[in-house]
Each structure stands twice: as structure tokens, then as C-alpha cells.
Amino acid sequence: MFAARYFGEDTFIMVKKELETMLQITNLQVAYRQGRQSVRVLDNLSLELRQGEILALLGESGSGKSTIAKAVTGLLPPSAHIGGGTLHIGSTLRVDMDMAAGKGRGKGRGKGRGKGKGIQWEGIRGRGIAMLFQDAQQALNPVMKIGAHFRESLLYHRLASPDEVKPISIRLLSQLGFLDGERILECYPFQLSGGMCQRVCLALALCLKPAVLIADEPTSALDTVSQKEVLDLLKITQKELGLAVLLITHDIAVANAVSDRVIVLNKGVIEEEGDTRAVFSKPRAAYTRQLLSSRSQIAKPSRERESSHAGEPLLEIIGLEKTFDGKKRVLHDVNLALNRKEILGILGGSGCGKSTLARCITGLEYPERGHVMYRGADISRLRGKGKRGLCKHIQMVFQDARASLNPGRTAMQLVQEPLQYMHIGNKGERETLARFYLHEVGITGDLLSRRPPQLSTGQCQRIAIARALVLRPEVLICDEAVSALDMSVQAQILALLQRLHKQFGFSILMISHDIRVLRSFCHHIAVMNHGSFSEVKRASALLHESKQSYTQLLLRCAGDMEEGLY
Amino acid sequence: MYRMLLRKLLEAFITLFCATLIIFTLIRLAPGDPVQLLLGHPGEAALSDKQAYDDRAAGLRAKLGLDQSMIKQYTAWIHKLVQLDLGTSIHTGRAVGAEIAARLPATAMLSAAALLIQAVLGLFFGTVSALKAGKPGDNAIRLVCVALASTPAFVIGLVLLSVFAVTLGAYEISSEAGLSRLWLPALTLGLIGAPQLIRMARANMLAEFGRIYVLSALSRGLGRGRVVKHALRNALLPVITMIALSLTSLISGAVVIESIFSWPGIGKYALDSILLKDYPVIQGYALVMVSLVILIHLCVDVVYALIDPRIHRNREAGAEEHV
């Protein structure tokens, strides 16, 4: 019966009351305890989410946007303290948040959240407020089939009888673009890609018919194509169901592509609020203008940058092949040449093999066939001493800056380590060198003696860059080096890399799924698809000249999202 | 799945073969001569009997096959093993296989009971401890764990024995070895092994509670019992390894507890044989233990694959994008 009422194609009826408020947050105050100090994250924040709209909450990391999502679902960690505030869900439910701050607040890890005399969160979560998380693959229990997730949710909330579970799940999955729902239900999360998992999570959230959906960076971990796909589906289903969606994002393009209204959040305070088009075309707050300009700075097409083509290439990849587990072909006949002082971009969606290529070049993986020629010598099968020597010439910067640094070492120690390992200089010289390169990347003063947990992600990436450059390599490989960063920090790091490139004259192999980053930064862009390069073009020409359908698809996805932004 | 099992079985046979080599060599490398131990030391015999002693010793050696080269002895042993014959004891002349078979059930029963107690205590208190992390309940559990883990096994055994058998009179130590006598040694062994399991279960549960899928399950409005179940299944894998390791140490190392409770297990039999250098018995015992350990680990691998789908399914099965 439920199924027919809620999920029938024709019988679906929802009374659309355009202006009914679905979620109202009033004067929310949240602080985190750090040691003995208390850091205030949200200060008297109020916002209103209406039925049938997508409200984007735009802010950089540390702005408190995720804290809002966690606060209204009672999922704050134990170190958080709710100072006060009121929550209205739908027209009937009212929650005093400081009640949650009393007995029910953040009990234990996992279980106690929402128990006790405070708020009955279990009644609110799921049916009242549903949530989407950034990393969808991690948001599904790895040892449970997709079908089991649906079964559990539907049966637990008594929304279906055991026989109805399967048809309901399949119909929901088909709404979200899965043509073979039956097969998907039998899959485990690890058998699906990130984009597919996010669509499954969306179906899983929708099966409970929530009043409000909070999507916390739902597409940040996805590549451009799946990002577009998930956002489109989110928008379509939202319009169909008249759902109220709170979309939390750091990406202006995401907010621009799907939201009706936008709230710009900075350090726990609302800077600007209004209609999405109006805010982005005529930003009133200085902070919004700053966000927009750092984005356009990145997206600005590059000018007057031509690399010298003289002589033989510095790094040449010939016919590289790599398979995993003996069957899964990751790289297939990859050919590429990197010239001296050139910046070459590698563009591709997730799973196209671009990271494996980087690992083959740096000797972290051994290819089955083909050669990686560096200054005319094959380096792809070096072992032992030869491989270690390679580190002096080729260095890599990783996506997750914080995870790539040993959390127990200070910035100075981290940058000195490669020098020690390579037996370069004495103690004093190593210190001077480390200090010089850290100064070049903008890490000075008391930052030198801090450890990664006490630094921001951007600062961590600066240290990682200094650590890579301290050996004076000729080739720097940046594997999604700016993808995890905020827009303004992204712009800073890219500018830094550009300056260092000019100053020290190394070549850069820039791997990214983000066409904007590459277009502004690289001389040439090689487009990678299914383990091989479909084309290599001059960065400025890619937009107009490319006839490859895959490149066109990438360009279209990126272009659609940015429409009307500049 | 079946292919994995087949491969594991093959590996098991190779391991078993290597084990026979190592067992055989090590026992013969150890000092001491079984014949001398059997006949008494030659120095004790009068000088005139020396010749007779030597004759008797040589005769016995020949009879036991100990005068032959190591390689011949080894092949003879393997030849018998293939026919599932563990040989006969030098000392008692009884068949080793039958002797072990008579004692193994008692030890197996004790180990199984102890393991059950360990697993129940470990998972229950581990989960409770994780749920109450940082609170008095958690602290109390951890304190008891440290205390238990740092007390020698025989002390725990003796204390329990004096409390239950002497003070309370609830335990009859001299009765027939059966279920009524099993519970106290099993409890003792369970208490000895529980702390490490509790600590491990707690650490794993805490790690799982921090995962996003737990937040996600909570955000779907599931109750706490449900969510704990989600986490438990993921936290179980390392705990199972621990339980298996603990089972092997239980079976082979319960000697102390067996003697305190005069439990007719295999431990005492093995210990006596080692002191007498009873080659066939030691070899047989060691081999049975190795086989058991291999078997247990085989079971663990199967259980692993049952619990964690990632182990026997490969990624490709459903990985193609369907737009």
C-alpha cells in the first residue's frame, strides 16, 4: 500500500505549498573544546529552508557548514558543545537544542548520541532529516549488500512489508538512473564506483520519505562526469518529490548548478544570503566577491606560456601497460613525452588509470610492458639503489597532503628527511636548505616547528611541496595536488607552483580530474580515458579544437556547471 | 570460494610436510638419549655388567630402529604416517595414536569451553567498554583486564580452586572427569584469555564507531542496537584471528591448568614424554598439534571469507559504470 502511495509513477501526489518552511534553525550556537579552550564555530546562526527548494550552504573549510548538518541531526562529536538554539522541522516538530546540550549531548561515540533525557533523535533522523555524506562508499556498510541496506531501513521504520522491500528498492534505484536495480541490490558497496554509491545513498535516503535532505559535500569526492550526473539526479528527484534540500558545499560551481538560494558562510557567520543567480552575478558581501575571484583566477585560461621543444624530451613514456590481479587492465599502450620546463596536464575521470601512471613513473609500481625513459635511460624497472637514486630526479606531491606527512614530525624535520636519506650535506647545511625551501613555500616563523595536526591542509600541502623540491628534482608529479583544497587555497597553491616553476625550472606533470585547474596551469593537456591517452592538445586549444567525444563530455560537464558564473 | 579452499588445502599439506621435517630434526638435536633413559645410566652399572649393558642398549636401539641413519629413520616415520600410524611409544610400548586419541577429547572439550567463555566475555565486555569509552564502566573493565592479564595463570587457577572447592564446596575435584568438573578449569582458562580479547574488541569497536557508515546508519534513524550490530560485524575480523590464535595456545598450552585441576588432558602426557625423550610420542604429539593449528587457521580463512565479502569477490564483478 505504501509503495503504491509513495512510489507509484502516476499515483504520486504531493501538495505543493511553495512557501512552507521545512527546516528552521534559530540562533544556533556550537563550540568545540580543544584542550582547555573552547572554540566557537557557530555564533547565533539562523536559517530557513523552504519546501521544494535547494538551499546551498557555501563556505570554505572551517566555516562551520558541516557542523550545522551534524548539529541538526544530533551527530556532533563529544567534543562539541551546543550553547543554544531552536530547531523547527516541518510545521509540527520543535526541538530546543540546548536540551541536547544537557543530558543527551554527544554521549559516547556512536551509540549514545541522542539518547537520555535530551532529544529523541531516532525519531528525527531518517524520516525527518535524511543525510548524504561526502564519501558515499564509506557511508555504506562494507560487509552488507546494497539490498540489505534498503531492507533494514524500510523494515526498521515499518515503511514496507518484507515482500514490498525489493520492488520499492528497485523502483527507487531506477528513478536514480540504475537500469539494473536487481543486480545492484546484490552488489556490495566496494563493487560500485563512487558515483554509483552516492546515487545508492540518495535512493536510500529517499526511501524513508524524509521531510528534509541534507547533502554534505555530496559530490566533492567524485570526478567531473559523475559529479554532474549525481547533481542532475539530485535536482530532478528533488523537483519531482518537492523535497527541501540543504546542500552543503565549498564549490561555487556546485552551488551554481543546482541551488535555488544560497547562503555564504564564513567563520560561522552568514555573509550573504539570497537567490543564487543574484548572489553570484551581483555579490554584495566582500567575502563572496573574494570567493568568486579566486575561482575565476583558477579558471582563467593561460596566456603566453609556451615550453621549449628543443632537444629530446626529459621524460618519455613508451607503450606502457599495467594490469592488476592479472586481468584488470589499468594502463593500455600509454605514450607520452614531457619536455624540459614543460607543464603537462593529465586529465581524466576517476578510475582512468592516471594515478597508476604516476606510480609507474616514480617506481612505486612496475609496469608489465613498455618503458619509462628518463634522459634516455629506462627507469621503469629499477630496483634497490638505482630506484632510490631516482628520487633525486623525480618527486611526487599527493592529493591528501595531511596523510602524506608523518604526523609526529615538525615541518623542519619533514623537509630535512629526504636530505638525510640521500646523505646530502651536513646537519647545518640540511637545516639551511630546509629553511630556504620552506621559506619559498611560505612556511616561516613558528610554523617551522609545528606538526601536521596543528597546520591547515593548505599549509600541509606547502610543506609537501617543499619536501619534494628540496632534492631539486627535474620532474615534479602532482597527483590531484589541489583537489582536496578550498577554492581560495587552490588558487594560492597553483600560484605558488607557478612561481616555483619559473624560479627553479623543473617540469611538472599535473594530474587532475578538474579541467579548470589544468586549463589555467598547463602548457599541454593530455586527456586520459580507460587507461590510454585519447588526445594531447595545447591547453588553450583544448576547448575549441578537440573532436574527441570524451573530451567534449568532460568539457560539457564542467561548462554546464559554471554557466552564468562569470 | 572453492578455489580458494583448494589452494589453502594444498598450502596446508606443504606446511604439514615442512613441519614433519622440523619436528623430526629438532627432537633429535636435543640432548639426551631415550635408550639410556630407559635402561638407566650406564655409570650406575658395575664394570662387569658394562658389556651386557652395551649389548642390551644396542639390541634396543636396533629394535627401535634408532641405529639407522637419520634419513632412513625419517622415511620410515613418514611411511608409517602415510598409513595413519603414529608409531608406538618407546617407553610403554602402546600405540601413540590410541594414547593421543584417548586424551585429546578431554583437552579439546576444555579448550572449546574455555574459548567459548573467552569469546563471550571478550565480545561482550569489549563492546560495552567501547560504548562507555572514557566513563567509569569502561575504566572498571580496563582495570580488571590489566589485573587479570598480569596475574600468573596458576595463581588464578589456585585462587579459583580454593574459593570454589574449599570455601564454597561447590566444586568436587576428585569426581569423574566430565561436564560437572569442566566448568572451573574452563572458567580459569577463559578468564586468563579474556583480557586481550576485550582490549582488542574495544579498540576495534571504537575504530568502527568513528567510521562514516556508522554516522550514516545513525542518520537513517536506526536505533543504537542496530548500529552496534553494523559496527560489530566489521570489528569482528581481527577479533576472530585473535580467538583462533588463542585456541591454538589453549590446546597446546593448557598444561599448567590441567595439572592444577588434575584434568586428564594431553598436556601432561606430552610433558612426561618429553622428559623421557620418547621420540614417537613427541613426534606424534607435535604433529597432531600442528595439524590442529593448520585446521583452525583454515577454518578462520573460511569464516573470514563468509564475513567479509571483499575477500573472495573481485572488484570487477559490478564495477562497470551504468549511466
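None of the values given here were measured: they were computed from a predicted structure.

Asker: I'm lost on the overall build of chain A in this one. Help?
Answerer: For chain A, the helix and strand inventory stands at 22 helices and 20 strands. Looking at chain A as a whole, 48% of its 566 residues are labelled buried. Taking contacts inside chain A between residues at least 6 apart in sequence as the whole, the part at least 24 apart equals 69%.

Asker: Mind showing me how you'd approach the domain arrangement of chain A here?
Answerer: Buried accessible area, meaning the area lost when the parts come together, often serves as the stated size of an interface. Residue and element names in this part refer to chain A. Domain annotation for chain A reports domain 1 (2-7 + 21-296), domain 2 (313-393 + 475-485 + 506-561) and domain 3 (400-472). On a C-alpha basis, the centres of domain 1 and domain 2 stand 35 Å from each other. With ten residues of domain 1 at the contact, the number on the domain 2 side is twelve residues. Of all the secondary-structure elements, those providing two or more residues to the side of domain 1 that touches domain 2 are helix H10 (224-241) and helix H11 (252-258). Sort the elements by how many residues they give to the side of domain 1 that touches domain 2 and H11 lands first, with four residues. Of the residues assigned to the side of domain 1 that touches domain 2, the class counts are four nonpolar, four polar and two charged.

Asker: Teacher, can you tell me more about the nonpolar core here?
Answerer: One broad trend across soluble globular proteins is that nonpolar side chains are buried collectively. A:Val212 and A:Met510 are the most contacted members of the largest nonpolar core, which has 212 residues in total. Those residues in contact with A:Met510, other than ones at most four positions away along the chain, are A:Ile343, A:Leu344, A:Gly345, A:Ile346, A:Cys478, A:Leu518, A:Phe521 and A:Cys522. In terms of nonpolar packing, the next biggest core, distinct from the first, is built from 15 residues, B:Val96, B:Ile100, B:Val281 and B:Ile282 among them.

Asker: What am I meant to see in helix H4 (residues 70-82) of chain B here?
Answerer: Because an α-helix packs 3.6 residues into every turn, residues spaced three or four apart end up facing the same way. With 13 residues, H4(B) should cover 18 Å at 1.5 Å per step; its first-to-last C-alpha distance of 18 Å lies within 8% of that length. The first or second residue beyond H4(B) is B:Leu84, which carries a positive phi of 60°.

Asker: Explanation requested: unusual backbone geometry in the structure shown.
Answerer: A positive phi angle, close to 55°, is found at A:His423, a residue other than glycine. Here A:His423 lies in the loop between helix H16 (411-421) and helix H17 (427-440). Owing to 7 C-beta atoms within 10 Å, A:His423 belongs among the exposed residues under this scheme. Located in the positive-phi region is B:Ser262, a residue other than glycine, with phi close to 40°.

Asker: Help me understand the sheet that holds strand E14 (residues 369-374) of chain A in this model?
Answerer: In a beta sheet, neighbouring strands pair by backbone hydrogen bonds and run either parallel or antiparallel. Residues and elements named next belong to chain A. If you trace the four strands from one edge of the open sheet to the other, you get E12-E11-E14-E15, paired in antiparallel fashion. The open sheet is flanked by strand E12 (328-338) and strand E15 (377-378), the only strands paired with a single partner. As paired elements, strand E11 (residues 315-324) and E14 share five bridges and run antiparallel to each other. Following the sheet pairing, Ile317 is matched in E14 by Val372. Sitting on the sheet, helix H14 (residues 354-361) touches E11, E12 and E14, and the angle it makes with E12 is about 65°.

Asker: Could you clarify how one ought to interpret the pairing of strand E8 (residues 244-249) of chain A in this entry?
Answerer: Each regular strand shows side chains that alternate between the opposite faces of the sheet. All names here are of chain A. Among the six residues that make up E8, six are buried, leaving the element largely enclosed by the rest of the structure. Across the two faces of E8 the burial is the same, with Ala244, Leu246 and Ile248 and Val245, Leu247 and Thr249 all buried. In terms of strand pairing, strand E3 (residues 54-58) meets E8 through five bridges, oriented parallel. By the bridge assignment for E8, Leu55 is matched with Leu246. Taking the sense of rotation as the criterion, the β-α-β connection linking strand E7 (residues 212-216), H10 and E8 turns out right-handed.

Asker: Honestly, the confidence of the model for chain A in this entry has me stumped. Any pointers?
Answerer: Any region with low pLDDT has predicted coordinates that should not be read closely. Taken over all residues, the pLDDT of chain A has a mean of 83, while the share at 70 or more is 90%. Here residues 1-18 of chain A scores under 50 on pLDDT; set against residues more than four positions off or in separate chains, the count is 20 contacts.

Asker: Hey, could you run me through the sheet that holds strand E6 (residues 129-132) of chain A in this one?
Answerer: Residues and elements named next belong to chain A. In spatial order, the strands read E6-E7-E8-E3-E9-E10; together these six strands make up an open sheet with mixed pairing. The open sheet has two free edges, formed respectively by E6 and strand E10 (269-275), since each of these has just one partner strand. With direction set aside, neighbouring strand axes in the sheet form an average angle of 20°. Of the strands in this sheet, E6 and E7 touch helix H9 (residues 194-206), which is tilted by about 175° from E6.

Asker: Whenever I open this one, the UniProt feature "transmembrane region" (unreviewed entry) in chain B confuses me. Can you help?
Answerer: All names here are of chain B. The UniProt feature table records "transmembrane region" (unreviewed entry) at residues 12-30, 108-131, 143-170, 182-201, 235-261 and 281-307. Along residues 12-30 the backbone is 95% helical and 0% strand, and the end-to-end C-alpha distance reaches 27 Å. The distance separating the terminal C-alpha atoms of residues 143-170 is 28 Å; by composition the span is 79% helix and 0% strand.

Asker: Hey, could you run me through the packing of H9(A) against H10(A) in this one?
Answerer: In helix packing, the relevant descriptors are the interaxial angle and the interaxial distance, both defined with respect to the helix axes. Residues and elements named next belong to chain A. The interhelical angle for the contact between H9 and H10, taken along N-to-C directions, is 15°, at an axis separation of 9 Å. For the element pair H9 / H10, the angle class is roughly parallel. By crossing handedness, the relation of H9 to H10 is classed as right-handed. The segment H9 lies against H10, with Gly194, Gly195, Gln198, Arg199, Leu202 and Leu206 engaging Ser226, Glu229, Val230, Leu233, Leu234 and Thr237.

Asker: What is the right way to read H16(A) from this model?
Answerer: Residues and elements named next belong to chain A. Those residues of H16 not exposed but buried are Ala411, Leu414, Val415, Gln416 and Pro418. Those residues of H16 that are buried are in contact with H17 and helix H18 (457-469). His423 occupies a position one or two residues after H16 and carries a positive phi of about 55°.

Reading the values: the criteria
- Residues numbered from 1 in each chain as written.
- Chains lettered and ligands numbered in written order.
- Predicted model: local features only at pLDDT ≥ 70, side-chain atom pairs only at ≥ 80, totals over all residues.
- Helix = DSSP H or I, 4+ residues; strand = E, 2+ residues; numbered from the N terminus.
- Buried ≥ 20, exposed ≤ 12 C-beta atoms within 10 Å, placed from the backbone.
- Contact = placed C-beta atoms within 7 Å.
- Domains from an automatic or database assignment.
- Nonpolar A, V, L, I, M, F, W, Y, C, P; charged D, E, K, R; others polar.
- Core = buried A, V, L, I, M, F, W, Y, C linked by C-beta atoms within 7 Å.
- Expected span 1.5 Å × (residues − 1).
- Pairing = 2+ DSSP bridges.
- Axes fitted to C-alpha atoms, helices over the stretch in contact; angles between N-to-C directions.
- Right-handed = clockwise from strand over helix to strand, strands pointing away.
- pLDDT = per-residue confidence, 0-100.
- UniProt positions renumbered as here; feature names shortened; annotations may be inferred.
- Parallel < 35°, antiparallel > 145°, perpendicular 65-115°, else oblique.
- Left-handed = near helix turned anticlockwise from the far one by under 90°.

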